[in-house]
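Descriptive structure summary
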Amino acid sequence: MLDFDTADASIIQTFGEDVTYTPNAGAPVVIKGFFQNPDEQPDTFDVEFEGTGPQITTLSSDTPAPEHGDTFVIRGVSYSVKQVEVDESVLRVFHLLEA
């Protein structure tokens, strides 16, 4: 039987990009994550997509006590945390605002 939590963690550790996460009450740390910015769609179609804004998916263990206002530096751009999706899985999704 496949353990999805282990698979998700392995995928992020293997294919995720390095980002700097700074909690409000802590020091910056480099962690792995998947960054998505639907607002940056390739200009290859004559179709407009409405994005949800930038977001990053990380391992919950790398971001144990997330808060509104924590920051990420991704690809040289600073973002603040607008909203956090917390559930019982090993993954956490942060909705971001460019700082």
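Residues numbered from 1 in each chain as written. Predicted model: local features only at pLDDT ≥ 70, side-chain atom pairs only at ≥ 80, totals over all residues. Heavy atoms only, no water.

Remarks on the packing of aromatic side chains
For the structure on display, the rule yields four aromatic pairs. Relative to F94, the ring of Y21 has its centre 6.1 Å away and its plane inclined at 50°; by these criteria the two rings are tilted. Pair noted here: Y21 is in strand 1 (residues 17–22) and F94 is in strand 6 (residues 91–98), with a separation of 73 residues, a long-range link. When sorted by exposure, Y21 lands in the same class as F94, which is buried. Taken together, a centroid distance of 5.0 Å and an interplanar angle of 65° make the contact between F72 and F94 edge-to-face. One end of the pair, F72, is in strand 4 (residues 71–74); the other, F94, is in strand 6, and 22 residues separate them in sequence. Cluster of aromatic residues (ring-pair linked, three or more members): Y21, F72 and F94. (Phe/Tyr/Trp six-rings, centres within 6.5 Å; stacked < 30°, edge-to-face > 60°. Helix = DSSP H or I, 4+ residues; strand = E, 2+ residues; numbered from the N terminus. Buried < 20%, exposed > 50% of the residue type's maximum accessible area, 1.4 Å probe, protein only.)

Describing the sheet that holds strand 1
What the six strands build is a closed barrel, ordered 1-2-3-6-5-4; its pairing is antiparallel. Between one strand and the next, the sheet's axes are offset by a mean angle of 45°, whatever the strand orientation. By the bridge criterion, five bridges tie strand 3 (residues 55–59) to strand 6 in an arrangement that is antiparallel. Within strand 6, the residue paired with Q55 across the bridge is H95. (Pairing = 2+ DSSP bridges. Axes fitted to C-alpha atoms, helices over the stretch in contact; angles between N-to-C directions.)

Observations regarding the nonpolar core
A general tendency of soluble globular proteins is for nonpolar side chains to be buried together. Counting eleven residues, the largest nonpolar core consists of V19, Y21, I31, F35, I56, F72, I74, Y79, V81, F94 and L96. For this core, the secondary structure elements donating two or more residues are strand 1, strand 2 (29–36), strand 4, strand 5 (77–85) and strand 6. The residues contacting F35, other than those within four sequence positions of it, are E17, P54, Q55, I56, I74, R75, Y79 and L96. (Core = buried A, V, L, I, M, F, W, Y, C linked by side-chain atoms within 4.5 Å. Contact = heavy atoms within 4.5 Å.)

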